[in-house]
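For reference, the chains in residue letters:
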Number of protein chains: 2
Amino acid sequence: MIFILSLMCLKAKNRISIVEDSYRRRSVTRLIAVFGAKNSGKTTVVEYLIGRLVRDGFNVAALKHIHHEFTIDTEGKDTWKMARRGASIVASISPNEVAILHKRIDDWRINFNKLLQFLEKEDIDVAVAEGFHNILGKTPTVLKIITIKTDEEAHHFINTTSPPILALVKRAETQLKINPGSISIFNLPPGDELYQLVLKSIRKQTPGSGMV
Amino acid sequence: MIFILSLMCLKAKNRISIVEDSYRRRSVTRLIAVFGAKNSGKTTVVEYLIGRLVRDGFNVAALKHIHHEFTIDTEGKDTWKMARRGASIVASISPNEVAILHKRIDDWRINFNKLLQFLEKEDIDVAVAEGFHNILGKTPTVLKIITIKTDEEAHHFINTTSPPILALVKRAETQLKINPGSISIFNLPPGDELYQLVLKSIRKQTPGSGMV
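Residues numbered from 1 in each chain as written. Chains lettered and ligands numbered in written order. Predicted model: local features only at pLDDT ≥ 70, side-chain atom pairs only at ≥ 80, totals over all residues. Heavy atoms only, no water.

> Please clarify how the pairing of strand β7 (residues 165-170) of chain A should be interpreted in this entry.
Look at any regular strand and the pattern is simple: side chains alternate between the two faces of the sheet. All names here are of chain A. When you tally the buried positions in β7, you get six out of six residues, the bulk of the element. Here strand β6 (residues 142-148) pairs with β7 via five bridges, running parallel. Paired with Ile148 across the strands is Lys170, a residue of β7. The parallel pair β6 and β7 is bridged by helix α7 (residues 151-160), and the resulting crossover is right-handed. In this sheet, strand β8 (residues 184-187) lies alongside β7 in parallel orientation, the contact comprising four bridges. (Buried < 20%, exposed > 50% of the residue type's maximum accessible area, 1.4 Å probe, protein only. Helix = DSSP H or I, 4+ residues; strand = E, 2+ residues; numbered from the N terminus. Pairing = 2+ DSSP bridges. Right-handed = clockwise from strand over helix to strand, strands pointing away.)

> Got a minute to help me understand the relation of the copies chain A and chain B in this structure?
Both copies of the chain are tied together by a single rotation about an axis and a shift running along it. Each copy superposes on the other: chain A lies on chain B with an RMSD of 0.0 Å after a rotation of 180° and an axial shift of 0.0 Å. Both copies of the chain, as the preceding transformation shows, are related through a two-fold rotation axis. Relative to the rotation axis, the closest C-alpha in chain A is found at A:Ile100, a distance of 2.6 Å. Of the interface residues in chain A, 100% have counterparts in chain B that sit at the interface too, so the contact is made through matching surfaces. (Least-squares fit on C-alpha atoms with pLDDT ≥ 70 in both. Contact = heavy atoms within 4.5 Å.)

> Sorry if this is basic, but what is going on with the pairing of strand β1 (residues 30-36) of chain A here?
Residues and elements named next belong to chain A. Within β1, seven of the seven residues are buried, which leaves it mostly tucked inside the rest of the structure. Both faces of β1 are covered, namely the face carrying Arg30, Ile32, Val34 and Gly36 and the face carrying Leu31, Ala33 and Phe35. Note: β1 against strand β5 (residues 126-130), five bridges, orientation parallel. Directly across from Ile32, in β5, lies its bridge partner Val128.

> I'm lost on the nonpolar core in this one. Help?
General note: in soluble globular proteins, nonpolar side chains tend to be found buried as a group. With 68 residues, the main nonpolar core has A:Ile32, A:Leu53, A:Ile145, B:Ile32, B:Leu53 and B:Ile145 as its most contacted residues. If we skip the residues at most four places from it in the chain, B:Ile32 touches B:Leu49, B:Leu53, B:Val126, B:Ala127, B:Val128, B:Ala129, B:Leu143, B:Ile145, B:Val198 and B:Ile202. Of all hydrophobic cores here, the second largest spans 59 residues; its members include A:Ala61, A:Ala127, B:Ile146 and B:Ile165. (Core = buried A, V, L, I, M, F, W, Y, C linked by side-chain atoms within 4.5 Å.)

And the structure:
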């Protein structure tokens, strides 16, 4: 009976068998964060990991940190006008998207933790975050990947990031002088070796809240 | 002690005193829906009501129904790229906005009810919805306003909408032949009389879930 229910759930969510039931039962959203300076390849790595994880049946969320004042909305549109009038939340529902914009921001860390709780409720298996170094850089439950253009950047991010750091990702032509110890080094574009390392790490990651 | 806590809450949320504590304690999100044909003034009425409610200290959400396939995101942006790779949820966090895009849409009604539950958890006092006639048109807990350009439109929407219908809003030059009974009639642009009617109706609305 449980087996049939599991199958139904899998079918309902279009998941395939690589995602183990034992993993699901923990119902904790695993967090992978990709850190790096501007133009070092963060989005490329995030996009690649999302695509592979989705293909393997994981229910994936993407989290993007934007440093400057920004709205995903477009000036002049109805939703933008409603926000301008002071609505705390502006939601737009279309046949292919529910978009919820929160305009009343209290505190970075509180908002981020609320977001994580929300992802767990939505049965997200893995969240891939781009940025958020100040929030996630020291959190032991977060799997970290660092993208770098130079030796100096590698040095900086390794020194300001706590384990587990899975990988440094760089351009093929970048020669590294530093020794990153147990951290694996990969070249862009990201490929299967990096993904397998991420997959292994997700699977062996001890259950526990990703709260930061 | 409760009084001090209430004051702190009010302060934290920048609310002013017109919103009664008795109202808040019910913690139910009141729903106002504005229905009408294209270019009949829906957005104008929604914008106006949001602005007035916010000014009076209500914590307001705006809900917009978009009939065609649509993303609030912009093609080519990083968030758009992440969605394209199959992420179920794409969240972007900037200093002035948390945007959560749900890309895995199951069912209109389920999604809408999930959205309402979410608004109640977020302490939204009033949600002003533009559209959603097929979901909200028959719901007795929803306060309805109809914007019209012609007699025929008035006829159509009155016949397909269940009470309470608070008001018909029309252009000054539009002459109505139909008799809308107890439904008030206002001209565009929306003004204080319409708002006072909405305010009175919100206050006397019986507590109860707005679930549809």
